[in-house]
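One letter stands for each residue in the lines below.
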Amino acid sequence: MDLRIFTEPQQGATYDTLLTVAKATEDLGFDAFFRSDHYLRMGDTDGLPGPTDAWITLAGLARETRRIRLGTLMTAATFRLPGVLAIQVAQVDQMSGGRVELGLGAGWFEEEHTAYGIPFPKEKFGRLEEQLEIVTGLWGTPEGDTFDFHGTHYDLTDSPALPKPAQEKIPVLVGGLGATRTPRLAARFADEFNMPFASIEDSERQFGRVRDAAEANGRKADDLVYSNALVVCVGRDDAEVARRAAAIGREVDELKENGLAGSPAEVVDKIGRYAEIGSSRVYLQVLDLADLDHLELISAQVQSQLS
């Protein structure tokens, strides 16, 4: 079971804070550092000092880390034109020596689009499908050839399809709860399918849909990695769990129901139940980025039992 650290910087974090967490992620033996791609805070927080851009952040981290994978859960297809996104991600992959992964989703948070003047189209899923086809097509075009795409939302003619990533193939993540179109997109484009903040039962059901869609698309179901993203709140005792829950404005019982919360033993047991239904990777949503002792505890008493 791979454990990855997943952050939500729109809730309030500087680049230096993210760098500190990313370096701790690397030093403590976690597999990867991922971040959300949002421009507006959510819930009851001031979000200060304001948002940071996901791919600018990852470009900086690419030069200041050496081992960990770097990526997004999820970049919104509404934020960037697909040709520009392909260039950005390929460049960051080069800067990292081939450690980048791209999570790409349709985009859903209308308020952040309104706040920063980003168009929020009614038809988002079709745009996501075309973006996936364009981005992967640009990267997969042999050097010296050109790439053309003529779709409903985007039109590319005689693109040199440059630059190329450092990796032969950048892993692409698709995720979500949709019963039909999401599994179909994952089957066509994804190297990994991610279930965000879902129960074991819902994850098992959706993994099954994706596996069926992959086989219907001529792929082996096990060609994909199946993963979950879950909030994490671990403590050495009940008081420490309660303190960490309060720090992120959550209740312990709710966290235990909907995430990974409690003692290290409780969290290891619940991760094991996700593993039983086919999940081989968990993105640990860490909301208190100042609490590096939390990461140390997870590394020493959770990750050590899973590796």
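The structure we're discussing is the one just above.
I will try to describe carefully the structure that is included in this document.

Rules of the game
Residues numbered from 1 in each chain as written. Predicted model: local features only at pLDDT ≥ 70, side-chain atom pairs only at ≥ 80, totals over all residues. Heavy atoms only, no water. Helix = DSSP H or I, 4+ residues; strand = E, 2+ residues; numbered from the N terminus. Buried < 20%, exposed > 50% of the residue type's maximum accessible area, 1.4 Å probe, protein only. Contact = heavy atoms within 4.5 Å. Areas by Shrake-Rupley, 256 points an atom, 1.4 Å probe, with all protein chains shown as cover. Lys, Arg positive; Asp, Glu negative; His and termini not counted. Charge placed at Lys NZ, Arg CZ, Asp CG, Glu CD. Phe/Tyr/Trp six-rings, centres within 6.5 Å; stacked < 30°, edge-to-face > 60°. Lys NZ or Arg CZ within 6 Å of the ring centre and 35° of its normal. Salt bridge = Lys/Arg side-chain N within 4 Å of Asp/Glu carboxyl O. Pairing = 2+ DSSP bridges. Right-handed = clockwise from strand over helix to strand, strands pointing away. Expected span 1.5 Å × (residues − 1). Arc of directions from axis to C-beta. Polar contact = N/O pair within 3.5 Å; in protein donor to acceptor, adjacent residues only side chain to side chain. Core = buried A, V, L, I, M, F, W, Y, C linked by side-chain atoms within 4.5 Å.

1. Some thoughts on the overall build of the protein chain
Consideration 1: Within the protein chain, the regular secondary structure consists of eleven helices and twelve strands.
Consideration 2: C-alpha atoms of the protein chain, sized along the principal axes, occupy 60 × 45 × 35 Å.
Consideration 3: Counting every position in the protein chain, which comprises 307 residues, the buried fraction comes to 54%.
Consideration 4: Intrachain contacts of the protein chain at a sequence separation of at least 6 include 73% that bridge at least 24 residues.
Consideration 5: Carbon together with sulfur atoms contributes 49% to the accessible area of the protein chain, which is approximately 13,500 Å² in total.
Consideration 6: When the 31 basic and 49 acidic side-chain charges of the protein chain are each reduced to a single mean position, those positions are 2 Å apart.

2. What about the packing of aromatic side chains?
The geometry of an aromatic ring pair comes down to the distance between the two centres and the angle between the two planes.
Consideration 1: The tally for this structure, following the rule as stated, stands at six aromatic pairs.
Consideration 2: Ring centres of Phe-34 and Tyr-283 lie 5.0 Å apart, and the angle between their planes is 70 degrees; on these two criteria the pair is classed as edge-to-face. Taken as a pair, Phe-34 in strand E2 (residues 32-35) and Tyr-283 in strand E12 (residues 281-286) lie far apart in primary sequence, 249 residues in all.
Consideration 3: Judged by relative accessible area, Phe-34 falls into the buried class, the value being 0%.
Consideration 4: Ring geometry for Trp-108 and Phe-109: centres 5.1 Å apart, planes at 25 degrees, overall stacked.
Consideration 5: The rings of Tyr-39, Phe-79 and Tyr-116 are connected pair by pair, giving a single aromatic cluster.
Consideration 6: The ring of Phe-125 is capped by Arg-181, whose NZ or CZ atom sits 4.1 Å from the centre of that ring.

3. Digging into the environment of Ile-298
Consideration 1: Of note, Ile-298 is situated in helix H11 (residues 292-306).
Consideration 2: Taking the C-alpha atoms as reference points, Ile-298 and Pro-264, 34 residues apart in sequence, are found 7.3 Å from one another.

4. Overview of the pattern of salt bridges
Consideration 1: The full count for this structure, using the stated rule, is 22 salt bridges.
Consideration 2: The closest approach of N and O atoms between Arg-236 and Asp-293, which form a salt bridge, is 3.2 Å. Placement of the pair is Arg-236 in the loop between strand E10 (225-234) and helix H8 (238-247) and Asp-293 in helix H11, with a sequence separation of 57 residues.
Consideration 3: The class for Arg-236 is partly exposed, based on a relative accessible area of 45%.
Consideration 4: The exposure class assigned to Asp-293 is partly exposed, which follows from its relative accessible area of 29%.
Consideration 5: Within the structure, one salt-bridge network assembled from shared partners comprises Arg-236, Glu-240, Arg-243, Arg-244, Asp-291 and Asp-293.

5. Brief notes about the pairing of strand E1 (residues 2-7)
Consideration 1: With five of its six residues buried, E1 lies for the most part within the structure.
Consideration 2: Where E1 meets E12, six bridges bridge the pair, whose relative direction is parallel. Directly across from Thr-7, in E12, lies its bridge partner Val-286.
Consideration 3: Looking at chain direction, E1 and E2 are connected through four bridges and run parallel. Note that in E2 the partner of Ile-5 across the bridge is Phe-33.
Consideration 4: Once you follow E1 into helix H1 (residues 15-27) and on to E2, the crossover reads as right-handed.

6. Structural notes on helix H7 (residues 200-216)
Because each turn of an α-helix spans 3.6 residues, side chains separated by three or four positions in sequence point in the same direction.
Consideration 1: Helix length check: H7, at 17 residues, gives a terminal C-alpha distance of 24 Å against a target of 24 Å (1.5 Å per residue), a fit within 8%.
Consideration 2: Of all the positions in H7, only Ile-200, Ser-203, Gln-206, Phe-207, Val-210, Ala-213 and Ala-214 are classed as buried. The buried side chains of H7 occupy one side of the element, clustering within an arc of 145 degrees when seen end-on. More than 90 degrees from the buried face of H7, the exposed residues found are Glu-201, Asp-212, Glu-215 and Ala-216.
Consideration 3: Among the structural elements, helix H6 (181-189), strand E9 (192-196), E10 and helix H10 (264-276) are those in contact with the buried residues of H7.
Consideration 4: Gly-218 sits one or two residues past H7 and shows a positive phi near 85 degrees.

7. Points about the side chain of Thr-72
Consideration 1: If you trace the backbone, Thr-72 turns up in strand E3 (residues 69-72).
Consideration 2: Using a relative accessible area of 0% as the deciding quantity, one classes Thr-72 as buried.
Consideration 3: Within the structure, the side chain of Thr-72 is placed 3.2 Å from the side chain of Thr-75, a separation counted as a polar contact.
Consideration 4: Of note is the side chain of Thr-72, whose polar atom sits 3.1 Å from the backbone oxygen of Gly-103.
Consideration 5: Ignoring sequence-local partners within four residues, the contact set of Thr-72 consists of Phe-34, Arg-35, Ala-54, Trp-55, Leu-58, Glu-101, Leu-102 and Gly-103.

8. Structural notes on the nonpolar core
Consideration 1: Among the nonpolar cores identified, the biggest contains 76 residues, and Leu-3, Trp-55, Trp-139, Leu-284 and Val-302 are the most heavily contacted of them.
Consideration 2: Broken down by element, the residue count for this core peaks at seven residues, all from helix H5 (residues 125-140).
Consideration 3: Dropping the residues within four chain positions of it, Trp-139 is found in contact with Ala-86, Val-89, Ala-90, Leu-102, Lys-164, Pro-165, Ile-170 and Val-172.
Consideration 4: In this structure, Phe-6, Phe-34, Ala-229 and Tyr-283 belong to the second largest nonpolar core, which totals seven residues.

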